[in-house]
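Residue-level structural notes
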Amino acid sequence: MRYVIIILLFLAVNVSATTYYVKTDGNDESAGTSWATAWATIDKTETGMSGGDTVFFAPGIYRGQLNPVGGTATAPTWYVSGNGTDNTIPTSYTGRSSRASLWGSYDLSDSTWTLHSGNIWKLKFTPPTSVSFQSTICYTFSQINSSYDTLLHPKTSMPTSAGEIYYEDTNDTLYVWMFGNDNPNNYDTLEAAWAPPVFIGSQDHVVLYGFEIRYGHQSGVRFEGNHGDSNLVWNCWLRGFGSQNANNTSCIYSGSSGAITVDTNYVGYVTGWGNIIRSDSVSLCVNPYMTMHRYGIGFYGQQAVVVESCYIAPGFFYGIKFKGTCSFGSIRYNKIEMATEWESMSQAAIKFTTHTHFDSAYGNICIGDGQGDAFGVYIENKYDTTTSMVFMNNTFYNITRMGTLIDHPYENAQTINGNNVIKYNVYHTVVGSQNQSSSNGLFSCPNWAINTITIDSNLYYNTAGYSWCRNSTYYDSTDWKALGYDAHSYIHTDPGFNNAAAGDFSRPSASDEMNRTYGGRTWTVYGAVQPDSSQPLDAPTLISPANGTTFIVDTSQLKLIPLIWHSVTNADGYQILIANNSDFSSYPDSSLVVIDTTVTDTIFEAGGYGTAHLTDGFGTYNYWKVKVISDTCRSSVFSSTRNFYLVDEAPPVTIK
């Protein structure tokens, strides 16, 4: 609510500004100053607006490239995904249909593909003239159907296997080999042609609020050129972006070109100052054939950038990456989930490399999936990286390779300055391999780097094997502590998470180990707090049947049992599990989970149950629970578990 008040104040202060409206059935020849006279396209906002104006987009799909009109510090320009009826700014959205969608794609659905040879299909296609990011355009093709949005891998030559696409610019022909050797005419097809919103030029003080941003070329929101300062990307949902030959594909991305920084101690490129990425949902949401995505959010050359309270869904090479003079920035309160089996290479929730200085990462929750080759924070000592970096109050959970890695330097550069701090973090279930050089379970760095870093007062729980690595010498936690490193650490100490396996990292029973204020928060426990706007949705509250209710079943009339729960705001559906064991053992692989389905209503009729469902002729307990799912790739934890009891005759009456 605090942020909503700020929005209204901004709008009230800028009394001389004009409010415009855009809807899919509008008319660019109209005035655009009301919903009745709304414009129709993104292009019209570029020519029709002035700095400091506000434009509301009604729910619907808008194709093209949004080039925002810059504002000022006292009169920012607002682009808002509105409700199509008034000019209030929504505080929440109920799925994709309630958002205005910016799609950086060219629609090929009405085109006819012809068979080229074998399983390769072709289409004559002249690319949009607005695409200018590379001389040889190599598109990423998206097939849209009811099950998945599938991105195909761009190639620089003719496809040689399923899932590949090639654009031959000499004859304007697109070639595709579909997964499953399918016919592309069976799908709605799109070409990722441009980044939907692009900040390039003098676009400063812009607020981009509430949009779904999808199907862009290389990125969803792109910062490029020598400008793009003090912009805010807020409460947006970004997913499904095409690759530029597998190079730096990100949902939010800033390029490395720009002006040399004025800070001569840390020479590099600067493309923007003071940009904020806040409360966004950043996700792939594509099937696991997709392998070329690189970063959820990737910043090169940004200074004082803030990434806060975002949700980074599984499937990225790096969740958030700072590189190339990306200094004085902050990564805080984010929840980053990794799915390492989608990538053949190492993966990290957060990475810093190449001239990154005075950056901080605190209050983040980094979650692995227990597979693959994953790091929590990866600090790559390329050139003079990692000066005065601060990593505090992060939680690393279920990380397969290492919690924190200080990598060996490149280019024979071994100069890391001091004042680096790693403190008050929680490492929970971090299981590394001592057989991999320069990597291990909790922390690793070369000899020359260890004396430049303060490692203190971290908490470690459920770690396996050797915990520490220094120049390929491995130590367990006790020996490391005896050497004087992390002397105040808590080893083999349970942090008391409520239900980490279900994504709930709250600590209802934890004592207050510390109490200090920084970053606008008061910290009372080790590890991360849940971020303000990216924490999971509320779990459903079960209504009926009451826990332990008995149902009589027989073979003549199978029993349907209605399971009912309360609705949850922002839910797009509900996943229900029914099992005959109370802990749903080994879900989702257990045969004991007898029902695992998704519904859109808040009632599910389980059954029909008969005497065949009883155990050896006796009564049988069945257990059930429900969680929320959302098309923003967020979900809730599961509800509490209830059970119902099946018998084949009424229980005897107890006479008192």
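Residues numbered from 1 in each chain as written. Predicted model: local features only at pLDDT ≥ 70, side-chain atom pairs only at ≥ 80, totals over all residues. Heavy atoms only, no water.

As a further point, take the overall build of the protein. Along its length, the protein carries 4 helices and 58 strands. The proportion of buried residues among the 656 residues of the protein is 57%. Within the protein, counting contacts between residues at least 6 apart in sequence, those at least 24 apart form 73% of the total. On the protein, roughly 26,000 Å² of surface is accessible, and the fraction owed to carbon and sulfur atoms is 48%. (Helix = DSSP H or I, 4+ residues; strand = E, 2+ residues; numbered from the N terminus. Buried < 20%, exposed > 50% of the residue type's maximum accessible area, 1.4 Å probe, protein only. Contact = heavy atoms within 4.5 Å. Areas by Shrake-Rupley, 256 points an atom, 1.4 Å probe, with all protein chains shown as cover.)

The next point concerns the nonpolar core. By size, the foremost hydrophobic cluster in this structure holds 75 residues, and its most contacted members are Tyr79 and Phe299. Sorting elements by how many residues they give to this core places strand E16 (residues 206–209) first, with 4 residues. Among all residues touching Phe299, those that are not within four sequence positions of it are Phe223, Ile252, Ser254, Ile277, Val305, Val307, Lys321, Phe322, Lys323 and Cys326. Counting 21 residues, the second-largest nonpolar core is a separate cluster that includes Leu542, Leu563, Val568 and Leu614. (Core = buried A, V, L, I, M, F, W, Y, C linked by side-chain atoms within 4.5 Å.)

Spatially, the 12 strands line up as an open sheet ordered E3-E5-E17-E20-E26-E30-E33-E36-E39-E42-E45-E48, and their pairing is parallel. Where the open sheet ends on each side, the last strands, each with one partner, are strand E3 (60–63) and strand E48 (490–491). (Pairing = 2+ DSSP bridges.)

In this section: the pairing of strand E8 (residues 120–124). In this sheet, E8 lies alongside strand E7 (residues 114–117) in antiparallel orientation, the contact comprising 3 bridges. Each residue of the ladder has a partner; that of Leu115, found in E8, is Trp121. As judged from the 5 bridges shared by E8 and strand E13 (residues 173–177), these two strands associate in the antiparallel manner. Paired with Trp121 across the two strands is Val176, which belongs to E13.

What follows is about the side chain of Gln203. Considering the arrangement of structural elements, one finds Gln203 in the loop between strand E15 (198–200) and E16. Residue classification places Gln203 among the buried positions, given a relative accessible area of 7%. Of the polar contacts made by the side chain of Gln203, one reaches the backbone oxygen of Val198; its length is 3.4 Å. (Polar contact = N/O pair within 3.5 Å; in protein donor to acceptor, adjacent residues only side chain to side chain.)

Right, let's talk about the state of the cysteines for a bit. Linking two cysteines covalently through their sulfur atoms gives a disulfide. Counted by the stated rule, this structure contains 0 disulfides. Cys310 supplies the cysteine sulfur nearest to Cys236, a cysteine that is in no disulfide, at a spacing of 9.7 Å. Judged by relative accessible area, Cys236 falls into the buried class, the value being 1%. (Disulfide = S-S within 2.5 Å.)

Further remarks concern unusual backbone geometry. For the bond from Ser544 to Pro545, the omega torsion is 0°, close enough to zero to count as cis. Here Pro545 lies in the loop between strand E51 (542–544) and strand E52 (549–552). A positive phi angle, close to 60°, is found at Asn393, a residue other than glycine. Mapped onto the elements of the fold, Asn393 is located in the loop between strand E38 (390–392) and strand E39 (395–399). For Asn393, a relative accessible area of 0% puts it in the buried group. Residue Tyr424 is not a glycine yet carries a positive backbone phi of 60°. Secondary-structure assignment places Tyr424 in the loop between strand E41 (420–423) and strand E42 (426–430). A residue is classified by how much of its surface remains accessible, and Tyr424, at 8% relative accessible area, is buried.

Attention shifts here to the packing of aromatic side chains. On inspection of all chains with the given rule, the structure shows 24 aromatic pairs. Relative to Tyr167, the ring of Phe125 has its centre 6.4 Å away and its plane inclined at 80°; by these criteria the two rings are edge-to-face. In this pair, Phe125 is assigned in the loop between E8 and strand E9 (140–144) and Tyr167 in strand E12 (residues 164–168), connecting sequence segments 42 residues apart. Through a chain of ring-to-ring contacts, three or more aromatic side chains come together here, namely Phe223, Phe299, Phe322, Phe352 and Phe391. Residue placement shows Arg278 over the ring face of Trp234; its charged tip is 5.2 Å from the ring centre. (Phe/Tyr/Trp six-rings, centres within 6.5 Å; stacked < 30°, edge-to-face > 60°. Lys NZ or Arg CZ within 6 Å of the ring centre and 35° of its normal.)

Counted under the stated rule, the structure contains 5 salt bridges. In this structure, Glu212 and Arg214 form a salt bridge, with 3.2 Å as the shortest nitrogen-oxygen distance. Per residue, the accessibility class of Glu212 equals that of Arg214, and both read buried. The salt bridge involving Arg278 is made with Glu308; its shortest N-O contact spans 2.6 Å. Here Arg278 is found in strand E25 (residues 276–278), whereas its partner Glu308 is found in strand E29 (residues 306–308), with 30 residues between them in sequence. Here Arg278 and Glu308 have matching classes, each one buried. Connected through shared salt-bridge partners, Arg278, Glu308 and Arg332 make up one network. (Salt bridge = Lys/Arg side-chain N within 4 Å of Asp/Glu carboxyl O.)

Before going further, it helps to spend a moment on the pairing of strand E27 (residues 295–300). On any regular strand, side chains alternate: one points to one face of the sheet, the next to the other face. Burial within E27 is extensive, with 6 of its 6 residues counted as buried. Across 5 bridges, E27 lies against strand E31 (residues 318–323) in parallel orientation. Within E31, the residue paired with Ile297 across the bridge is Ile320.

Tracing the sequence through the fold places Tyr427 in strand E42. Along the chain, Tyr427 and Asn462 lie 35 residues apart, while their C-alpha atoms are 8.4 Å from each other.

This paragraph deals with the confidence of the model for the protein. Counting all residues, the mean pLDDT for the protein is 75, and 68% of those residues have values of 70 or more. Strand E1 (residues 19–22) holds the highest mean pLDDT among the elements of the protein, 97, whereas helix H1 (residues 2–13) holds the lowest, 36. Within the model, pLDDT remains below 50 along residues 511–516, and this stretch shows 19 contacts once partners closer than five positions in the same chain are excluded. (pLDDT = per-residue confidence, 0-100.)

Moving on, we come to the sheet that holds E8. Within the open sheet, the 5 strands sit side by side as E7-E8-E13-E12-E11. Their pairing is mixed. The open sheet has two edge strands, E7 and strand E11 (153–155), and neither has a second partner. Between one strand axis and the next, the sheet turns by 35° as a mean value, whatever way the strands run. (Axes fitted to C-alpha atoms, helices over the stretch in contact; angles between N-to-C directions.)

Our focus in this paragraph is the side chain of Ser330. Examined against the element boundaries, Ser330 turns out to sit in strand E32 (residues 330–332). Taking relative accessible area as the criterion, Ser330 reaches 6% and is therefore assigned buried. Separated by 3.5 Å, the side chains of Ser330 and Ser360 make a polar contact. Once residues within four sequence positions are removed from consideration, Ser330 is found in contact with Val305, Val306, Val307, Phe322, Ser360 and Tyr362.

This paragraph deals with the environment of Asn643. Take Asn643: it is sitting in strand E58 (residues 642–647). Looking at Asn643, the relative accessible area reads 14%, which means it is buried. Here the alpha-carbon distance between Asn643 and Tyr621, two residues 22 residues apart in the chain, equals 6.3 Å. Not counting the four nearest positions on each side in its chain, Asn643 is found in contact with Ala546, Asn547, Gly548, Thr549, Tyr621, Asn622, Tyr623 and Trp624.

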